[in-house]
Amino acid sequence: MVDVVSVGEILVDMIPVDTDLYNMRFGGAPMNCAVACARLGLRVGAIAAVGDDPLGRFLFNTLEERGVDVSHVKRVKGKRTTIAFVVRLPHGEREFFFYRKPWLPTADTELVLNEDDFEYVRGAKVLHVSGFALSQEPARSNILELVKYAHENNVKVSFDPTYRPDVWESEEVAREIYEKLISLSDIVLATLREYEFILGTRDLRRIGMEMRRRGVRLIGVKMGRRGGALIRGERGCFMETYDVPVKDTVGAGDVWNAAVIYGYLRNRDLGDVLALANAVASLKCMHVGAIEGVPTIDEAMNLIRRQSNIRPENLQLT
Ligand SMILES: Nc1ncnc2c1ncn2[C@@H]1O[C@H](COP(=O)(O)OP(=O)(O)OP(=O)(O)O)[C@@H](O)[C@H]1O
Ligand SMILES: [Mg+2]
């Protein structure tokens, strides 16, 4: 039995560290989240598909070494492991392009689930799912069925859109799938930009209202270097990021999610959960790669104590 099952893309991140130098790192949003959950002390498992090649073995072994249950990770014969390239844009912005469907067929989209996977999820408390993974078939239908199954069996669904336009056939299809997933979710963790894409607003009060109307109980809003917000019921809080030397923000949102799931499962106060999520994400940003530098609870608490001048503030939502 695990606390959390993370389902979706697993891939190799190619991260630029200089004009013509790339670092190869472990990646895939829900898998980064799984690794961070394990680091925080949760029991966590992964459902994903790697290729039957050295990169696939690297990803599989990394998950296992980091304490994630890999018994439901599949090796797809005849397909290569998926690769993501990160490109840095001016003003700290970044862009991704993928070696993956719709461009070419690789392993992560070939995720086909069996009865065993469904049983596995039924034993968990939370199913965390990334919208990216539903951009292409057969993963799309398979994961959607799994999310419905979780919802019907009282496993809480946590959803992060992880919107990357590069892998979707159109904005309309992406929005339609996101709405389906949101209607099945208890927790939605997205960037401000993603809420704007889905709901057409960046206003926190309206985001809270719209998501509550769709049945979502806990709403996370990620705002990059500006910080983040959490909304539950009528209560909301916002918090700036901690002051750290930032090297790379890839995966920051994924480990932020892990801390929110941790706090949710441990029934922590909303403000404390937000501080933990920001601390975990900020500490990750000091390292290159999505899972490097992910702290333990003690390490995160240390930062929270050291920078106690940075605190969550209540949001006026009504
Ligand atoms: N430059 C930064 N300095 C400190 N903390 C940061 C920085 N960038 C991000 N973070 C932390 O990471 C969290 C998540 O980051 P962000 O909003 O970029 O989400 P993301 O999911 O990584 O974005 P995307 O999916 O678009 O790549 C923020 O809420 C913040 O706590
Ligand atoms: Mg994200």
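Structural notes, computed from the coordinates. (Residues numbered from 1 in each chain as written. Chains lettered and ligands numbered in written order. Predicted model: local features only at pLDDT ≥ 70, side-chain atom pairs only at ≥ 80, totals over all residues. Heavy atoms only, no water.)

1. Side note on the sheet that holds strand S2 (residues 11-18)
The cut-off we apply is this: Two strands form a pair only when DSSP identifies at least two bridges running between them. Numbering goes from the N terminus for both helices and strands, where a helix is a DSSP run of H or I of at least four residues and a strand is a run of E of at least two. Here an axis means a line fitted to C-alpha atoms, over the contact stretch when the element is a helix, while the angle between two N-to-C directions is reported on a 0 to 180 degree scale. Whether two residues are in contact is decided by their heavy atoms, any of which lying within 4.5 Å being enough.
Reading across the sheet, the 4 strands line up as S3-S2-S6-S7 and stay open at both edges, with mixed pairing between neighbours. The open sheet has two edge strands with one neighbour each: strand S3 (21-27) and strand S7 (94-99). If you compare each strand with its neighbour and ignore which way they point, the axes differ by 25 degrees on average. Direction of pairing for S2 relative to strand S6 (residues 83-88): parallel, over a ladder of 3 bridges. Among the inter-strand pairings, Met14 is bridged to a residue of S6, identified as Phe85. The sheet contacts of helix H2 (residues 54-65) involve S2, S3 and S6, and relative to S3 the element is tilted by about 55 degrees.

2. Focus: the site of ligand 1
Put simply, the rule reads: Here a residue counts as near a molecule or strand whenever at least one of its heavy atoms sits within 4 Å of it. Polar contact is the term for a pair of N or O atoms within 3.5 Å; when the atoms are in protein, one must be able to donate a hydrogen and the other to accept it, and sequence-neighboring residues count only if both atoms are side-chain atoms. Shrake-Rupley sampling with a 1.4 Å probe provides the accessible areas, and residues are treated as covered by the protein chains on show and by no other component. Under this grouping Gly is polar, as are all residues other than the nonpolar Ala, Val, Leu, Ile, Met, Phe, Trp, Tyr, Cys and Pro and the charged Asp, Glu, Lys and Arg.
The immediate surroundings of ligand 1 are formed by 18 residues, with Arg94, Gly224, Gly227, Gly253 and Asn278 found nearest. At 3.2 Å, a side-chain N or O of Arg164 approaches an oxygen atom of ligand 1. Compared with its free state, where it exposes 620 Å², ligand 1 has 87% of that area covered by protein. Mapped onto the shell around ligand 1, the elements with two or more residues apiece are helix H8 (252-265) and helix H9 (270-284). Residues of the shell around ligand 1, tallied by class, amount to 6 nonpolar, 8 polar and 4 charged.

3. As for the sheet that holds strand S10 (residues 187-191)
In space, the 10 strands of this open sheet follow the order S5-S4-S1-S8-S9-S10-S11-S12-S13-S14, with mixed pairing throughout. Edge strands, defined here as strands with exactly one partner in the open sheet, are strand S5 (73-76) and strand S14 (313-314). Pairing geometry for strand S1 (residues 4-7) and strand S4 (residues 44-51), over 4 bridges, is parallel. Paired with Val4 across the two strands is Val44, which belongs to S4. Against the sheet, H8 makes contact with S1, strand S8 (126-130), strand S9 (156-160), S10, strand S11 (218-222) and strand S12 (228-232), and its axis sits at roughly 155 degrees relative to S11, the strand it touches most.

4. A word on the pattern of salt bridges
How we decide: Any Lys or Arg side-chain nitrogen located within 4 Å of an Asp or Glu carboxyl oxygen qualifies as a salt bridge. Relative accessibility decides the category of a residue: with a 1.4 Å probe and only protein chains considered, values under 20% of the type maximum give buried, values over 50% give exposed, and everything between is partly exposed.
All chains considered together, the criterion is met by 21 salt bridges. Among the ionic pairs, Asp3 bridges to Lys125, the shortest N-O distance being 2.8 Å. With a gap of 122 residues between them, Asp3 in the segment before S1 and Lys125 in the loop between helix H3 (115-122) and S8 connect regions that are remote in the sequence. The class of Asp3 is buried, set by a relative accessible area of 6%.

5. Remarks on H2
Cut-off, in case you're wondering: Each helix should span, by expectation, one fewer than its residue count multiplied by 1.5 Å. Our arc is simply the arc of the directions from the helix axis toward the C-beta atoms.
Between the first and last C-alpha of H2 there are 16 Å, a value that for 12 residues agrees with the 16 Å anticipated at 1.5 Å per step. Inspection of H2 places Gly56, Leu59, Phe60, Thr62 and Leu63 among the buried residues, and these make up the whole buried set. Down the axis of H2, the buried set is contained in an arc of 160 degrees. They therefore lie on one face. Set apart from the buried face of H2 by more than 90 degrees, the exposed residues are Pro54 and Glu65. Each element contacted by the buried residues of H2 is listed here: S2, S3, helix H1 (29-40), S4 and S5. Phi for Gly67, located one or two positions after H2, is positive at around 90 degrees.

6. Looking at the pairing of S8
Selection rule: Orienting the strands away from the viewer, one traces the path from the first strand over the helix to the second; a clockwise path indicates a right-handed crossover.
Across the 5 residues that make up S8, a large majority, 5, are buried. Taking every second residue as pointing to the same face, both faces of S8 are buried, with Val126, His128 and Ser130 on one and Leu127 and Val129 on the other. Looking at chain direction, S1 and S8 are connected through 4 bridges and run parallel. By the bridge assignment for S8, Ser6 is matched with His128. Sheet analysis places S8 next to S9, joined by 5 bridges and oriented parallel. The residue bridging Leu127 from the neighbouring strand is Val157, located in S9. A crossover connection joins S8 to the parallel S9 through helix H4 (residues 139-152); in handedness this β-α-β unit is right-handed.

7. Observations concerning the nonpolar core
Heads up, the condition is: Buried residues of nine kinds, namely Ala, Val, Leu, Ile, Met, Phe, Trp, Tyr and Cys, make up a nonpolar core once their side-chain atoms join them within 4.5 Å.
Among the nonpolar cores identified, the biggest contains 63 residues, and Ile47, Leu127, Ile143, Tyr195 and Met211 are the most heavily contacted of them. Formed by 57 residues, the second largest nonpolar core is a distinct cluster that contains Ala46, Ala48, Ile187 and Val255.

8. Describing the packing of helix H6 (residues 192-199) against helix H7 (residues 204-213)
The condition that has to hold: An angle below 35 degrees is treated as roughly parallel, one above 145 as roughly antiparallel, one from 65 to 115 as roughly perpendicular, and anything else as oblique. By the definition used in this description, the sense in which the near helix is turned from the far one sets the handedness, with an anticlockwise turn below a right angle giving left-handed and a clockwise turn giving right-handed.
At their nearest, the axes of H6 and H7 sit 11 Å apart, and the two run at 60 degrees to each other. When the interaxial angle is binned, H6 and H7 end up oblique. Note that H6 runs across H7; the crossing there is left-handed. Contact residues: Leu192, Tyr195 and Leu199 in H6; Leu204, Ile207, Glu210 and Met211 in H7. Across the contact of H6 with H7, the residue classes tally to 6 nonpolar, no polar and 1 charged.

9. So, the pairing of S12
Across the 5 residues that make up S12, a large majority, 4, are buried. The pairing of S11 with S12 spans 5 bridges and is antiparallel. Looking at S12, one finds that Lys222 is bridged to Gly228. Counted along the chain from S11 to the antiparallel partner S12, the turn is 5 residues long, and its residue Gly224 has a positive phi close to 55 degrees. When S12 meets strand S13 (residues 235-239), the two strands line up antiparallel, connected through 5 bridges. Bridging from a neighbouring strand, Ile231 pairs with Gly236 of S13. Between S12 and S13, which pair antiparallel one after the other, the connecting turn spans 2 residues, and Gly233 there sits at a positive phi close to 60 degrees.

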